[in-house]
Amino acid sequence: MFPAPTLDRMLPFVLLVEDDPVIGRSLEQALTPQGYRVTVAPHAAAARASVHNDAPDLVLLDLGLPDADGIDLCRELRAACPTTSIIVLTARQEEADIVVGLDAGADDYVTKPFRLAELMARVRAHLRQPKVDPDLDQIEVGALRIDVPARRAWIGADELALRPREHDLLVLLASEHGRVITRERIMEEVWDENWYGSTKTLDVHVSSLRRKLGGDTQLRVPRIVALPRVGYRMDLS
Ligand code: CA
């Protein structure tokens, strides 16, 4: 007998870290028919074990967990799975908590109580295949080199560990380096045309990209320049 085909393994894998069984069950029931493979982890220990077995494509992470601080767990998951999208679910509506979550490596957040339709739209936006311009192949800006189809980027000989949206943002800025790209256009092209979350997510991604590009003085590393309220531009100094 041949083993049963594991078609299931090809579905996008969503890890749902949620201790409230009612929310956990309703999200699982909403996600599964959309073609996602869902594992529910009711506490941090289960989330760690799941990630250890199989890196998820996306994590929905409730910050209020019984056995760990959600922010700490977010940091751990980010370190363990550098390219996984993490959406934080939080009842903490204070801006400061949201910024801490994004700084801890989350890609996005949804505050509780949330509308299921909104959450599903965010999940789709983070899991959708990026729009790749077929004319873009290799981009070079100073010491930065991007292999667009392979979704890989280097500064000199060092490869950058980029999350999916960081990569898309880098490609957009680099492909039109020297020109300002408006916030609206970035949100539309890198996130989703129907995006209705906060654009703070964009600023956090830019900060993270700046850190990853670094400031190697031996190399001509491009800089990401902010034009307040307008947008961003990649410059080569
Ligand atoms: Ca909770």
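See the structure above.
Owing to the predicted nature of the structure, the values given are computational and were not obtained by experimental measurement. (Residues numbered from 1 in each chain as written. Predicted model: local features only at pLDDT ≥ 70, side-chain atom pairs only at ≥ 80, totals over all residues. Heavy atoms only, no water.)

### Side note on the coordination of the calcium ion
Right, so step 1: Summarising the metal site, the calcium ion is bound by the protein donors D19 (OD), D62 (OD) and G64 (O), whose distances to it range over 2.2 to 2.3 Å.
Right, so step 2: In the primary structure, the donors to the calcium ion are separated according to the pattern D-x42-D-x1-G.
Right, so step 3: Look at D62 and you get buried, because its relative accessible area is 5%.
Right, so step 4: Judged by its relative accessible area of 39%, G64 falls in the partly exposed class. (Donors = N, O, S within 2.8 Å, 3.2 Å for Na, K, Ca; no water. Buried < 20%, exposed > 50% of the residue type's maximum accessible area, 1.4 Å probe, protein only.)

### A few points about the packing of aromatic side chains
Right, so step 1: A complete count under the given rule lists zero aromatic pairs for this structure.
Right, so step 2: Sitting over the ring of F13, R37 keeps its end group 4.5 Å from the ring centre.
Right, so step 3: Here R145 stacks its cationic end above the ring of W154, 4.2 Å away from the centre of that ring. (Phe/Tyr/Trp six-rings, centres within 6.5 Å; stacked < 30°, edge-to-face > 60°. Lys NZ or Arg CZ within 6 Å of the ring centre and 35° of its normal.)

### Things to note about unusual backbone geometry
Right, so step 1: Cis rather than trans, the peptide bond between K112 and P113 has omega equal to -5 degrees.
Right, so step 2: With respect to the helices and strands, P113 occurs in the loop between β5 (108-111) and α5 (116-127).
Right, so step 3: With a phi angle near 55 degrees, R151 is a residue other than glycine that sits in the positive phi range.
Right, so step 4: Here R151 shows up in the loop between β7 (144-147) and β8 (152-155).
Right, so step 5: Phi is positive for R229, which is not a glycine, with a value near 70 degrees. (Helix = DSSP H or I, 4+ residues; strand = E, 2+ residues; numbered from the N terminus.)

### A few points about the pairing of β8
Right, so step 1: Pairing geometry for β7 and β8, over four bridges, is antiparallel. Bridging from a neighbouring strand, R145 pairs with W154 of β8.
Right, so step 2: Counted between consecutive antiparallel strands, the loop separating β7 from β8 contains four residues, among which R151 sits at a positive phi close to 55 degrees.
Right, so step 3: Relative to strand β9 (residues 158-159), β8 runs antiparallel, the two sharing two bridges. From the neighbouring strand, I155 faces β9, where its bridge partner is D158.
Right, so step 4: Between the end of β8 and the start of β9, which pair antiparallel, lie two residues, with G156 showing a positive phi angle near 60 degrees. (Pairing = 2+ DSSP bridges.)

### Looking at the packing of helix α7 (residues 183-191) against helix α8 (residues 200-213)
Right, so step 1: Two elements in contact, α7 and α8, have axes whose closest approach is 11 Å; the angle formed by their N-to-C orientations is 80 degrees. As far as their axial angle goes, α8 and α7 are roughly perpendicular. On α8, the residues that touch R183, I186, M187 and W191 of α7 are T201, L202, D203 and H205.
Right, so step 2: Taken together, the residues of the contact of α7 with α8 sort by class into four nonpolar, two polar and two charged. (Axes fitted to C-alpha atoms, helices over the stretch in contact; angles between N-to-C directions. Parallel < 35°, antiparallel > 145°, perpendicular 65-115°, else oblique. Contact = heavy atoms within 4.5 Å. Nonpolar A, V, L, I, M, F, W, Y, C, P; charged D, E, K, R; others polar.)

### Thoughts on the sheet that holds β8
Right, so step 1: Ordered by their spatial adjacency, four strands build an open sheet running β6-β7-β8-β9, and the pairing between neighbours is antiparallel. With one partner strand each, in any of the chains shown, β6 (138-141) and β9 form the two edges of the open sheet.

### Side note on helix α2 (residues 44-53)
Right, so step 1: Along α2, the residues that are buried comprise A44, A47, S50 and V51. The buried residues of α2 occupy an angular sector of 120 degrees when projected down its axis, which confines them to one face. Among the exposed residues of α2, those oriented more than 90 degrees off its buried face are H52 and N53.
Right, so step 2: Buried-residue contacts for α2 involve β1 (13-17), β2 (37-41) and α3 (70-80). (Arc of directions from axis to C-beta.)

### Thoughts on α7
Right, so step 1: Those residues of α7 lying buried are R183, I186, M187, V190 and W191. Angular distribution of buried residues about the axis of α7 spans 100 degrees; they occupy a single face of the element.
Right, so step 2: On its buried face, α7 sits against α5, α6 (164-175), β10 (181-182), α8 and β12 (231-235).

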